[in-house]
Amino acid sequence: MGISLKDRRIRKDTHPFTNLFIILVVVTILANFIPSGTYERVVVDGRSVVDPATFTYAAEKSLVGISTFFLSFFNGFKDASSLMAMLFFAGGAFGVATRIGLMETTLKTLARKLQHTSFAVIAFVLMAAWGTLVAFTSMWELSIVVIPIVVPLALSLGYDVVTGAGIVILASCAGFGSALSNPLFTAIAHKLAELPIYSAMWYRAISFVVILLVEYAFLMLYARRIKKDPSKILVKTEETGHKAYSADEANFTPALVRAGIAFIVVFSFVIYGTINMGFDFPEMAASFAALGIIVGLAYGLAINDIMDMMGEGMKDMFYGAMVMLFARAVLYVMTEAAIIDTVIHFLSQFVVGKSPIVTGNLLLWMQTIINFFVPSGSGQAAITVPILIPLADMGDVTRQVCCLASQFGDGFSNFIYPTNGTLLGILLAAGIPYRKWLKFFGPLFAIIMVLSMIFISVGVVIGLGPF
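Given the structure is predicted, the values throughout are model-derived calculations rather than measurements.

### Things to note about the packing of helix α9 (residues 201-228) against helix α17 (residues 399-413)
Part 1: Orientation of α9 relative to α17, taken along the N-to-C sense of each, is 30 degrees, at an axis distance of 12 Å. As the angle between them shows, α9 and α17 are arranged roughly parallel. The handedness of the crossing between α9 and α17 comes out as right-handed. On the side of α9, the interface is formed by Tyr203, Arg204, Ser207 and Ile211, while α17 contributes Gln400, Leu404, Gln407, Phe408 and Phe412.
Part 2: For the contact of α9 with α17, a count of residues per class yields 5 nonpolar, 3 polar and 1 charged.

So, in structure tokens, the structure goes:
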């Protein structure tokens, strides 16, 4: 699922910790120049809410220094530990499912069975299946594994690499941006916002379906255009190393069938538990641990092999989990300097007094811009949600809409920003240069953001909640 450090060095990407480390240094320095201030908070219906009329600057500035800077790493780890645990066990579970070949066999089998079907139908089925998987798991990094399976199918039907890769990447975009149960962003944002985890899933499901259909139509227009005029192909096949699909066997062995049934049953329980049983991070982490172990046992693995695969899967999540450490370290410094409320007070000038619809969309664009510098959903949720929620409260926007704006701003822009290492890794696997991807995806990204603004605006109008 993850991209190895070696691959990052080959591509000379910025290390995922670098931007956050720089941010931490800059915040530590600036925290000594930003006035300390506080809002009074009141409890309304069991929720802590900022009273916008009570901001006051502190009589004495709270200073932070070198000791605070280095202590922030430990305190960031402590504050993010429950989230990190959930991510590690989720990585372990999918590490087993991926390494026994369950995901790959599923996609290969589906592709082979649909090989002689109309390409429009094939693309729709694959996009719907993959997009739904990502919408529930958030594991869009698995696109690196799936692209080499789907691209040859598209080539064998007379289409190009961009079309084949687009099936996977665009479905990932819809699924991740409109995620129904994303543990990397939605769960964290809802927890920080004091919302029931994965609440308003029905509304995100509608946005997922609409955006997926728009992406499908966009991709089919491109596919039809290059079919009529091959000179409009963005990336020549011979430049990528991909070859047309050959019907190599990828059969479901009895062991894989057992593992697949176990995966569906246990993962369905995870989803049910988060929606109907109030699962928090400890229960989710326990469920993912059970998922990995039960799937491995169903496949027939020895305990030692299961532990090995879970360990490898946890390694895949290491960077994502550690990013949360840095993110919470930034919050620790801001808390020690007592400047979080000062930042909220400053930003409130741009949102308070405007219509809730304008405020909701401003929150969307704030998150979209931040994602360029902090390309980590979990990291962003930890940093920005504690700031955006009070702004939403003061701007008469529900916390659910605020979290949705944050999710959209983070999720969709991951697929266009060159600062996102996962996107670059996926494009590398597809053989698509970034500039060619930008030419293809840029117009669609603009459409997606317009749709996002519409969904945010409707959410404001209907008072999307529960609060």
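### So, the environment of Asp79
Part 1: Its location among the elements puts Asp79 in helix α3 (residues 66-99).
Part 2: Residue class for Asp79 comes out partly exposed when judged on its relative accessible area of 35%.
Part 3: Each C-alpha atom, one on Asp79 and one on Arg328, is 6.6 Å from the other, the two residues being 249 residues apart in sequence.

### Comments concerning the packing of helix α7 (residues 161-177) against α9
Part 1: α9 packs onto α7 with a crossing angle of 165 degrees between their chain directions and a minimal axis gap of 9 Å. The pairing of α7 with α9 is recorded here as roughly antiparallel in orientation. For the element pair α7 and α9, the recorded crossing hand is right-handed. Here Val162, Thr163, Gly166, Ile167, Leu170, Ala171, Cys173, Ala174 and Gly175 of α7 lie close against α9, whose contacting residues are Phe208, Ile211, Leu212, Glu215, Leu219, Tyr222, Ala223 and Ile226.

### Section: the pattern of salt bridges
Part 1: A complete count under the given rule lists 3 salt bridges for this structure.
Part 2: The salt bridge involving Arg399 is made with Glu194; its shortest N-O contact spans 3.1 Å. Of the two residues, Arg399 is situated in helix α17 and Glu194 in the loop between α8 (186-192) and α9; the sequence distance between them amounts to 205 residues.
Part 3: Judged by its relative accessible area of 2%, Arg399 falls in the buried class.
Part 4: Its relative accessible area of 36% is what places Glu194 among the partly exposed residues.
Part 5: Glu312 is the partner of Lys315 in a salt bridge, and the nearest nitrogen-oxygen pair spans 3.1 Å. Within this pair, Lys315 and its partner Glu312 are both found in helix α12 (residues 303-316), separated by 3 residues, close to a single helical turn.
Part 6: A relative accessible area of 54% means that Lys315 is categorised as exposed.

### Structural notes on the side chain of Thr68
Part 1: Position of Thr68 relative to the elements: it lies in helix α3.
Part 2: Judged by relative accessible area, which is 11%, Thr68 ranks as buried.
Part 3: Excluding its chain neighbours within four sequence positions, the residues that come into contact with Thr68 are Tyr332, Val333 and Glu336.

So, how was this worked out
- The residue numbering used here restarts from 1 in each chain and proceeds along that chain's sequence as written.
- Whole-chain, interface and lining totals are the exception, using all residues; otherwise, since this is a predicted model, local features are given only for residues with pLDDT of at least 70 and side-chain atom pairs are given and counted only at 80 or more.
- Heavy atoms throughout the structure, all of them, feed into the side-chain values; hydrogens and water do not.
- The axes used here are C-alpha line fits, helices contributing only the stretch in contact, and every angle between their N-to-C directions lies in the interval 0 to 180 degrees.
- Numbering of helices and strands runs from the N terminus, with a helix taken as a DSSP run of H or I at least four residues long and a strand as a DSSP run of E at least two residues long.
- Note on angle classes: values under 35 degrees are labelled roughly parallel, values over 145 roughly antiparallel, values of 65 to 115 roughly perpendicular, and the remainder oblique.
- Two helices crossing with the near one rotated counterclockwise from the far one by less than a right angle form a left-handed crossing, whereas a clockwise rotation gives a right-handed crossing.
- When checking whether two residues touch, look at their non-hydrogen atoms; a contact exists if any pair is within 4.5 Å.
- Here the term charged refers only to Asp, Glu, Lys and Arg, the term nonpolar to Ala, Val, Leu, Ile, Met, Phe, Trp, Tyr, Cys and Pro, and the term polar to all other amino acids, Gly among them.
- Accessible area is worked out with a 1.4 Å probe on protein chains only. A residue is then buried under 20% of its type maximum, exposed over 50%, and partly exposed in between.
- Whenever a carboxyl oxygen of Asp or Glu lies within 4 Å of a side-chain nitrogen of Lys or Arg, that contact is scored as a salt bridge.

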